[in-house]
Amino acid sequence: MADNASYEALLPAAMAEKAIATGIKKAHTSLINLCLLGILAGAFIAFGAMFATTITAGAKDVLPFGIVKVLMGLAFSVGLVLVIVGGGELFTGNTLMSMAFASGKVSLGEVLRNWVVVYTSNFVGSILVALLVFYGKQHTFGHGAIGLNMLSIAESKANLEFGQAVALGVLCNFAVCMAVWLCYSCRTTTDRITAIILPITAFVAAGFEHSVANMYFIPMGLLVKGGGGEAFFEEIQKHPADFPHITWGNFLLGNLLPVTIGNIIGGSVCVGLIYWAVYIRPGLAERPAPSYRAAGHSRSAND
């Protein structure tokens, strides 16, 4: 049997090496592949957001607040499972490219190229799913309960203060990138799914802000607010004016901009650069050992 049949999980020092190798690979991925994988990842996260919205529709009237948020987090975690196991390029996870940059393996231009292309593609994928869900009239399901939940989620996110949104974005991507980081240690699909679920459930339950998820949540609210129709609003006994903060301006400038800034800080600094400083920085007495290749880990981070 070949040496690479080892099923030992990687330790953090070797995980750091794998993170750098992954960052190098991402920096040299072709433009078309970045776009396609970015669109898929945006769609995957939107799918998780749609599931989370559906499973908690009407739940706040019968379950405690904390339980509702945990259910929402568990449902949402399917999004990152699809990205990591199925393969995709997700902006928030790609902030870990800061480790390859700090190591001098990729240039700032290569990092920014990846981030801009993937971020834009994630937006496209998220909006496409939102449009499909809207034209599928999912907001009318459950006598409008799902649509009311869509509007309530979007209203709360569009009503955040700028600094608050930055802070919640930092906390969110700290958790997301820790989920990605834990996956660097994994050898099996089951390992990866297990490593993803708890950090992702935690950030959603805690009310933190994920830029790519918000590319679905708030546009979904905008679509329902603007096109839900009179019969829908009569069904839920609400009016579009009851959701005053759901506007394109609040979405793009009041939420997406500060949350994106926070996500970059949370992933690239609070996770990526700290682990780089601990395990990779020049002058360390001990180098990472064993390397992930020596331990038989030859698969990419997109597997």
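This one's a predicted model, so the numbers in the text were calculated from it and none came from an experiment.

1. Here we look at the overall build of the protein chain
Stage number 1. A count of helical and extended segments in the protein chain gives 13 helices and zero strands.
Stage number 2. The helix and strand sequence of the protein chain, counted from the amino end, reads α-α-α-α-α-α-α-α-α-α-α-α-α.
Stage number 3. Scaling as 2.2 N^0.38, a compact globule of 303 residues should have a C-alpha radius of gyration of about 19 Å, and the protein chain matches this with 20 Å.
Stage number 4. Across its three principal directions, the C-alpha atoms of the protein chain cover 65 × 40 × 35 Å.
Stage number 5. Looking at the protein chain residue by residue over its 303 residues, the buried ones come to 51%.
Stage number 6. Long-range contacts, defined as pairs at least 24 residues apart, comprise 86% of the intrachain contacts of the protein chain with a sequence gap of at least 6.
Stage number 7. Per element, the accessible surface of the protein chain, about 13,200 Å² overall, is 68% carbon and sulfur.
Stage number 8. A gap of 8 Å separates the mean positions of the 17 positive and 16 negative side-chain charges of the protein chain.

2. Describing the packing of aromatic side chains
Stage number 1. This structure, assessed with the given rule, holds eleven aromatic pairs.
Stage number 2. Ring plane angle 85° and centroid distance 6.1 Å describe the contact between Phe91 and Trp115, whose orientation is recorded as edge-to-face. Taken as a pair, Phe91 in helix α5 (residues 91-94) and Trp115 in helix α7 (residues 108-135) lie far apart in primary sequence, 24 residues in all.
Stage number 3. Phe91 sits in the buried class, given a relative accessible area of 3%.
Stage number 4. With a relative accessible area of 12%, Trp115 lands in the buried category.
Stage number 5. An aromatic cluster of at least three residues, connected via ring pairs, comprises Trp181, Tyr184, Tyr275 and Tyr279.

Procedures and definitions
Residues numbered from 1 in each chain as written. Predicted model: local features only at pLDDT ≥ 70, side-chain atom pairs only at ≥ 80, totals over all residues. Heavy atoms only, no water. Helix = DSSP H or I, 4+ residues; strand = E, 2+ residues; numbered from the N terminus. Rg over C-alpha atoms; globule rule 2.2 N^0.38 Å. Buried < 20%, exposed > 50% of the residue type's maximum accessible area, 1.4 Å probe, protein only. Contact = heavy atoms within 4.5 Å. Areas by Shrake-Rupley, 256 points an atom, 1.4 Å probe, with all protein chains shown as cover. Lys, Arg positive; Asp, Glu negative; His and termini not counted. Charge placed at Lys NZ, Arg CZ, Asp CG, Glu CD. Phe/Tyr/Trp six-rings, centres within 6.5 Å; stacked < 30°, edge-to-face > 60°.

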